[in-house]
Amino acid sequence: MIRTGLQIDGIVQGVGFRPFIHRLAEKHALNGWIRNSSSGVELELEGEEGNIAAFIADVRDCAPPLAHVDRVTAHRLDGLRGYSSFEIVRSRAGDRMRTLVSPDVGICDDCLRELFDPDDRRYRFPFINCTNCGPRFTIIEDIPYDRAKTTMAGFAMCPDCLAEYRDIRSRRYHAQPDCCGICGPSLFFLDASGTPVPGDPIESARRLIASGGIVAVKGLGGIHLACLPEEGVVRELRRRKKRDEKPFALMCRELSDAEDICLLSAFERALLTSPSKPIVLLKKRSLSLLPHISENACIGVMLPYTPVHCLLMEGRFGRLVMTSANISETPIIYENKEAVESLRGIADGFLLNDRDIRTRCDDSLVREADGHPYFLRRSRGYTPAPVRAPMELDGVLACGAEQKASFGLGKGSDFFLSGHIGDLKNIESYDNYTSQISHFEKLFDVSPDLLACDLHPDYLSTVYAQRRAEAESLELVRIQHHHAHLASCMADNGLDRDCIGVIWDGAGLGTDGTIWGGEVLYGGYGGFSRLCSLRTVPLPGGDAAVRDIGRIGYALLRDAQVSDPEAIVGGEFAFLASMLDSGACIFPTSSMGRLFDGAAAIMGIRRRVSYEGQGAVLLESAAADAGNPYPVEFYENGGVRLFDHRELIRALARDVRAGRSVRAVAADFMQTLCAAALAAVSYAAGVTGCRDVCLSGGVFQNMFLLRGLTRALRAEGFGVFIHSRVSCTDEGVSFGQAAVAKRRSN
Ligand code: ZN
Ligand code: ZN
Ligand code: FE
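Residues numbered from 1 in each chain as written. Chains lettered and ligands numbered in written order. Predicted model: local features only at pLDDT ≥ 70, side-chain atom pairs only at ≥ 80, totals over all residues. Heavy atoms only, no water.

Brief notes about helix H5 (residues 201–210)
- For H5, the complete set of buried residues consists of Pro-201, Ile-202, Ser-204, Ala-205, Arg-206 and Ile-209.
- At its buried positions, H5 is contacted by strand E6 (187–191), strand E7 (215–218), strand E8 (223–227), helix H9 (307–313), strand E12 (319–324) and strand E13 (349–353).
- Regarding H5, its N-cap is Asp-200, as a side-chain oxygen of that residue lies 3.0 Å from the backbone nitrogen of Ile-202 further along.
- Phi turns positive, to about 95°, at Gly-212, one or two residues after H5. (Buried < 20%, exposed > 50% of the residue type's maximum accessible area, 1.4 Å probe, protein only. Helix = DSSP H or I, 4+ residues; strand = E, 2+ residues; numbered from the N terminus. Contact = heavy atoms within 4.5 Å. Polar contact = N/O pair within 3.5 Å; in protein donor to acceptor, adjacent residues only side chain to side chain.)

Thoughts on the domain arrangement of the protein chain
- Along its sequence, the protein chain is carved into domain 1 (2–88), domain 2 (101–364), domain 3 (386–491 + 730–745) and domain 4 (501–721).
- One C-alpha centre belongs to domain 1, the other to domain 4, and the line joining them spans 55 Å. (Domains from an automatic or database assignment.)

Some points on the coordination of the zinc ion (ligand 2)
- Protein coordination at the zinc ion (ligand 2): the donors are Cys-158 (SG), Cys-161 (SG), Cys-180 (SG) and Cys-183 (SG), at 2.3 Å from the metal.
- Given four donor atoms and angles of 104 to 117° at the metal, the environment of the zinc ion (ligand 2) is assigned as tetrahedral.
- In primary-sequence terms, the residues that donate to the zinc ion (ligand 2) follow C-x2-C-x18-C-x2-C. Like Cys-158, the residue Cys-161 is buried in the burial classification. (Donors = N, O, S within 2.8 Å, 3.2 Å for Na, K, Ca; no water. Tetrahedral: all angles 85-135°; square planar, octahedral: opposite > 155°, others 65-115°.)

Structural notes on the nonpolar core
- Residues Ile-8, Phe-17, Ile-21, Phe-55, Leu-343 and Leu-351 are the most contacted members of the largest nonpolar core, which totals 105 residues.
- A domain-level breakdown of this core finds at least three residues from each of domain 1 (2–88) and domain 2 (101–364).
- Not counting residues up to four positions away in its chain, the partners in contact with Phe-55 are Leu-6, Ile-21, Leu-24, Ala-25, His-28, Leu-30, Leu-43 and Leu-45.
- Of all hydrophobic cores here, the second largest spans 82 residues; its members include Leu-673, Ala-677, Ala-680 and Leu-706. (Core = buried A, V, L, I, M, F, W, Y, C linked by side-chain atoms within 4.5 Å.)

Things to note about the coordination of the zinc ion (ligand 1)
- Surrounding the zinc ion (ligand 1) are the protein donor atoms Cys-108 (SG), Cys-111 (SG), Cys-130 (SG) and Cys-133 (SG), at 2.3 Å.
- Classification of the site at the zinc ion (ligand 1) as tetrahedral follows from its four donor atoms and the range of 103 to 121° in their angles at the metal.
- Mapped onto the sequence, the residues coordinating the zinc ion (ligand 1) show the spacing C-x2-C-x18-C-x2-C. Taken together, the positions of Cys-111 in helix H3 (residues 109–115) and Cys-130 in the loop between H3 and helix H4 (159–166) put the pair 19 residues apart, joining distant regions of the chain. Residue Cys-111 shares its accessibility class with Cys-130, and that shared class is buried.

Considerations on the pattern of salt bridges
- The final tally for this structure, using the stated rule, is 48 salt bridges.
- A salt bridge links Lys-27 to Asp-58; its shortest N-O distance comes to 2.8 Å. Linking Lys-27 in helix H1 (residues 17–27) with Asp-58 in helix H2 (residues 49–61), this pair joins segments that are 31 residues apart in sequence.
- The closest approach of N and O atoms between Arg-468 and Glu-441, which form a salt bridge, is 2.7 Å. Residue Arg-468 is located in helix H12 (residues 460–472), and its partner Glu-441 is located in helix H11 (residues 427–443); the two are separated by 27 residues in the primary sequence. No difference in accessibility class separates Arg-468 from Glu-441, as the two residues are buried.
- Salt bridges sharing partners connect three or more residues here, namely Asp-110, Arg-113, Glu-114, Arg-121, Arg-122, Glu-164, Arg-171, Arg-172 and Asp-178. (Salt bridge = Lys/Arg side-chain N within 4 Å of Asp/Glu carboxyl O.)

Considering the side chain of Asn-336
- By the secondary structure assignment, Asn-336 is in helix H10 (residues 336–342).
- Taking the relative accessible area as the measure of exposure, Asn-336 reaches 19% and is therefore buried.
- Among the polar contacts listed, one links the side chain of Asn-336 to the side chain of Lys-218, at a separation of 3.0 Å.
- Residues in contact with Asn-336, not counting those within four places in the same chain, are Phe-188, Lys-218, Leu-352 and Asn-353.

Observations concerning the packing of helix H18 (residues 592–602) against helix H21 (residues 662–688)
- Two numbers describe how H18 lies on H21: the axes approach to 11 Å, and their chain directions differ by 160°. Taken together, the axes of H18 and H21 lie roughly antiparallel to each other. Pair H18 / H21 crosses with right-handed handedness. The residues of H21 that touch H18, namely those facing Met-592, Leu-595, Phe-596 and Ala-599, are Phe-669, Met-670 and Leu-673.
- Here the contact of H18 with H21 is composed, by residue class, of seven nonpolar, no polar and no charged. (Axes fitted to C-alpha atoms, helices over the stretch in contact; angles between N-to-C directions. Parallel < 35°, antiparallel > 145°, perpendicular 65-115°, else oblique. Left-handed = near helix turned anticlockwise from the far one by under 90°. Nonpolar A, V, L, I, M, F, W, Y, C, P; charged D, E, K, R; others polar.)

Quick look at the pairing of strand E22 (residues 499–509)
- Across the 11 residues that make up E22, a large majority, 10, are buried.
- Bridge count for E22 against strand E23 (residues 515–523) is eight bridges, and the pairing is antiparallel. Directly across from Trp-504, in E23, lies its bridge partner Gly-518.
- Linking E22 to E23, which pair antiparallel, is a turn of five residues; within it Gly-513 sits at a positive phi near 85°.
- Relative to strand E29 (residues 692–696), E22 is paired through four bridges, and the arrangement is parallel. Within E29, the residue paired with Ile-503 across the bridge is Ser-696. (Pairing = 2+ DSSP bridges.)

What about the packing of H1 against H2?
- Where H1 meets H2, the closest approach of the two axes is 10 Å, and the angle between their N-to-C directions is 145°. Two packed elements cross with a definite hand, and for H1 against H2 that hand is right-handed. Together, Phe-17, Phe-20, Ile-21, Leu-24, Ala-25 and Lys-27 of H1 and Phe-55, Asp-58 and Val-59 of H2 make up the contact between the two elements.
- Here the residues of the contact of H1 with H2 are counted per class, giving seven nonpolar, no polar and two charged.

Details of the sheet that holds strand E4 (residues 68–77)
- In space, the five strands of this open sheet follow the order E4-E1-E3-E2-E5, with mixed pairing throughout. Here the strands that pair on one side only, and so sit at the sheet edges, are E4 and strand E5 (86–88). Averaged over all neighbouring strand pairs, the angle between strand axes comes to 15°, with direction disregarded.
- Note: strand E2 (residues 31–36) against strand E3 (residues 40–47), six bridges, orientation antiparallel.

Structure (structure tokens):
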């Protein structure tokens, strides 16, 4: 007999870990206790030495599905205490707990089996869940997490559910949202006018969808619009939703329904079936497949993640279009009343329920890159699990950017990053942003004492930070946008040393007052220098040109002194020419995103776009897998080396005029950018002696560039770091802002 102390670190709180340990101790005939600690759980075990060793092996091998054991440290303790049982004890007073709130979890295999088991008491019960799955973040009003502080408070457990809740051997031990057909929420179906329809709500919804209708379906973090993936139905959905071309996601009933249309890697399969159940961006089997759903080479696919989804699709639909219920770019609708009012004329029916959603949370969008997850949107299923930073971020509120807004709150070295919020220029999105900040501060028990925001004075996130700093006399640190991207990628990779950053994105305010976006920076959290960039081009009309990308193409051609630019881009540009001549309403920019837009227009891919980044996405889709670079030239200006893309633009114009295929030209264009980045990084490495390169910014959603540049840099012996925990887009910058603010403030 010996006595051993154990410390287990990792994701081991709020995931059914203590009951699991309790059962494990019984299995190995061990006595003692367990309690939550500030970094995980700690326990004491008394029993035979061999049993303790077997126990430790089981901790790693049999941990509950949502737990993640980082480290187990054991140390022998002197003497025996003579424990007579194993107990879960209170945490030590004064220990600063990591208050974690679990993300929402897609239905688990056990619940799925019970859902379709006629002998189970929850057979076909649309709200079945357990300790391993179900709603969490989206129903929590306050902490500590128990039913009374969730939107399940109004549903009192029946005796059967209560017995399971109290039984440590049950999969539903302490499962706060647990319920059954007797005590749980109910599902109902409303027609287009919001009138209840009698009968089985699932059947009513299925019938309407099968006949080509569009049905609003309440999920975990909001309401979706669901319909058949057929062309006529989808066209109608686009008309009603005012969404012309932006791709929709598909919900596939089984993996095989996804494999019919996409080739899946083992990693992508694992992502799709993971408890977070994100939308995974997959390559279609051919570019021309399902063009009415996605006009580009990829398509977003997810599996059913609530019991309602499973019942809806069961045996009838292999694939359904599933898109957030909102109009244009407003936040996802999540309340019953609001749904019926706002979706009038959009939804033909409503499959709703009386379990309220406290906090809206959009579907996450992830893809595979370099054998890791690569987030395009980190939201449902991940929010609000903290991202660990390589430093203390205690008390920082980082306010993010504007168009892809997000914020994050630091506590210890945890960073609690918000989900997708969207464009703050939208009043509903802005309200969602401010109310979620308050909610996070309450949930994680943080009153910020340091604020971080972007350098851009007009971003609504900056305005918010500034007002708040004044009102509460808080320190405010303003961080240059691309520096924040670099810091975000460093923190994502746990780095705390100076790095080279290739930061390519749409736009961000530079320290010189111009719009940057094609940057090669060098620095760390404390500061940076700008070593390379793109030749600045005058961008006519600022934001207007973002949609009218023909204007950017024209401006680039003119800048490169290509004759007859109108003929290439197609259109009338006299007005634009006079603007460029006079310099009125002209904004100089070095944005890589805009260079992409302009190139797409020059290649004849698009003149106008209906959503941001469309030109770049279509250019990537059109391109061959590999290309040959056009000549790459740089020149020096004010201590910064600038990539001179005039030669590139002239070569593009020449090839387009000669009728060379878009497939070849697009690949050569991107290959040129890889070559330019490699040259810029080599120059930066020569100046600084640094060999570590971070890639960040929205342009790195482009896989041709991400893969091509990663490969090229590694071949030259550089260490390459890309994002894997937060998004490379502006949604991820708050992480970098927090790190920089903390370092500058210290
Ligand atoms: Zn379950
Ligand atoms: Zn019940
Ligand atoms: Fe950005």
